[in-house]
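# Fold and geometry: a report
The lines below spell out each chain.
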Amino acid sequence: MSKPPPGASGPVDEIHWPSLTAALASITAVGIAMGLGLPLLSIIMEKRGIVPTLNGLNAAMAGVASMAAAPFTMKFAHRHGVAPTMLLAIVFASASALGFYYVTNFWLWFPLRIIFHGAITVLFILSEFWINATAPPNRRGFVLGIYGTVLSLGFASGPLLFSILGSEGVLPFAVGAGVILISAIPIFLARSESPVLDEKPKRHFMRYVFLVPTATAAVFIFGAVEYGGLSLFPIFGIRAGFTESQAALLLTVMGIGNFIFQIPLGMLSDRVKDRRTILSALTLIGFVGALFLPMLVESWFLMALVLLFWGGCVSGLYTVGLSHLGARLHGADLAAANAAFVFSYAVGTVAGPQVIGAAMDVTGNDGFAWAIAGFFGLYVVLSLVRIVLKPKRP
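Going by what an unreviewed UniProt entry lists, the chain is known as Major facilitator superfamily (MFS) profile domain-containing protein and is assigned to Sinorhizobium saheli. Turning to the chain, the UniProt annotation filed under Subcellular location (unreviewed entry) states: "Cell membrane".

What follows is the structure, encoded as structure tokens:
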């Protein structure tokens, strides 16, 4: 099988499996750590009497950290290398993950969130760039489907671990930190395979946010729903009458849906000319599914069944949006666009917990579903208007 040289900026003909494996190892650890950490921290704050608005505000620090880290990630990687930058981020992420146990002051969790999620953002951006740079154009959706599947598996495993480990003691924090550290091994072994950034992007960082608005708007909505949902769904579930373990398992079921749907949606995106149609359909499904959530609280099994399909379709926003991005740009421009993509996701992670938490404070437990439906409804309107008014623009 042919291998593209490290740092190649043009399209490749074959899937470069060594590079793909190293990047996937990183993103798997990220998924597990976040899937475990988000409900863990949320439940601990709930037990300590922190109101949902402050709970959501603390969770929103992830987005603040991501927005701060995204513009500088590629500059740092350009100077020090992709793999070394990822390894340094792993050290910071694992140390801060363990720090949440030893730091009990609620207000000090804000800088800890910034350190943890800033490092996680670096891993997200560089792993996605690594994967996109090694994906052949005609199989980009398939490769990114694998990426999404692995990430979803990590997110599904995290809540499952939480349901087993619980929220007491140092063990859940140590497991999260350990998983992140282990991911350094394959990255270190494949460090010579990482892309080399030997050129600068042609545009300013923020230009890329608006260059591919279909992708960046989709990932904004996805970030708002995913992060806000992961952070506050345990509270929604417990207040609806489910146990802590049942609420965590519902997140696992949603993660399983993400796992099942990623590759099929990625392959579908390889076979359509206009990915905006897929993105509009996925957000419409997300809108309808969110509206049904308050009606399903009487049955754990019905809730799980809906979340299985709903979560799978919703996660496709990230995969299809990233595939659309990779099809448009290459080389340093793709690297910068990946940073802008994650930046847009980060803005969503700031908006999501705040809006959802405030909605729960103002309208009660059902505000969780209404706020999520509002995010999806916004994108449905925007995407349909864009298709109608500019049908030929990618």
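Glancing now at the domain arrangement of the chain. Assigned domains within the chain: domain 1 (16–191) and domain 2 (206–389). On a C-alpha basis, the centres of domain 1 and domain 2 stand 18 Å from each other. Of the residues lining the interface, 51 residues belong to domain 1; the matching set on domain 2 comes to 49 residues. Around 4100 Å² of area is buried between domain 1 and domain 2 when both sides are counted, 70% of it from carbon and sulfur atoms. At the surface where domain 1 touches domain 2, the tally comes to two residue pairs in polar contact (both at pLDDT 80 or more). Among the secondary structure elements, those contributing two or more residues to the side of domain 1 that touches domain 2 are α1 (17–47), α2 (52–80), α4 (109–133) and α5 (140–165).

Quick look at the pattern of salt bridges now. Within the structure shown, the criterion is met by one salt bridge. A salt bridge links glutamate 168 to lysine 47, with the nearest nitrogen and oxygen atoms 3.3 Å apart. One end of the pair, glutamate 168, is in the loop between α5 and α6 (171–182); the other, lysine 47, is in helix α1, and 121 residues separate them in sequence. With relative accessibility at 59%, the residue glutamate 168 sits in the exposed group. On the basis of relative accessible area, lysine 47 is assigned to the partly exposed category, the value being 48%.

The next point concerns a nonpolar patch on the surface. The grouping of Phe76, Leu88, Phe92 and Ile115 at the surface amounts to a nonpolar patch, some 360 Å² of accessible area in total. Counting through the fold element by element, phenylalanine 76 comes out in helix α2.

Where α1 meets α4, the axes come as close as 9 Å, and the angle between the chain directions of the two elements is 155°. Viewed along their axes, α1 and α4 adopt a mutual orientation that is roughly antiparallel. Where α1 crosses over α4, the two elements pack in a sense that is left-handed. Considering only residue class, the contact of α1 with α4 consists of 19 nonpolar, four polar and one charged.

This paragraph deals with the nonpolar core. By size, the foremost hydrophobic cluster in this structure holds 124 residues, and its most contacted members are Phe124, Tyr147, Met303, Trp310, Tyr318 and Phe368. When residues are assigned to domains, this core turns out to be shared by domain 1 (16–191) and domain 2 (206–389), each giving three or more. Excluding its chain neighbours within four sequence positions, the residues that come into contact with phenylalanine 368 are Gly228, Gly229, Leu232, Phe233, Phe236, Leu293, Ile356 and Met360.

By relative accessible area, which is 36% here, phenylalanine 76 ends up partly exposed. Leaving out residues up to four positions away in the same chain, phenylalanine 76 has contacts with Gly81, Thr85 and Leu88.

Rules and cut-offs
- Residues numbered from 1 in each chain as written.
- Predicted model: local features only at pLDDT ≥ 70, side-chain atom pairs only at ≥ 80, totals over all residues.
- Heavy atoms only, no water.
- UniProt positions renumbered as here; feature names shortened; annotations may be inferred.
- Domains from an automatic or database assignment.
- Contact = heavy atoms within 4.5 Å.
- Buried area = accessible area lost by both parts, 1.4 Å probe.
- Polar contact = N/O pair within 3.5 Å; in protein donor to acceptor, adjacent residues only side chain to side chain.
- Helix = DSSP H or I, 4+ residues; strand = E, 2+ residues; numbered from the N terminus.
- Salt bridge = Lys/Arg side-chain N within 4 Å of Asp/Glu carboxyl O.
- Buried < 20%, exposed > 50% of the residue type's maximum accessible area, 1.4 Å probe, protein only.
- Patch = residues over 30% accessible without salt bridge, like charges linked within 9 Å, V, L, I, M, F, W, Y side chains within 5 Å.
- Areas by Shrake-Rupley, 256 points an atom, 1.4 Å probe, with all protein chains shown as cover.
- Axes fitted to C-alpha atoms, helices over the stretch in contact; angles between N-to-C directions.
- Parallel < 35°, antiparallel > 145°, perpendicular 65-115°, else oblique.
- Left-handed = near helix turned anticlockwise from the far one by under 90°.
- Nonpolar A, V, L, I, M, F, W, Y, C, P; charged D, E, K, R; others polar.
- Core = buried A, V, L, I, M, F, W, Y, C linked by side-chain atoms within 4.5 Å.

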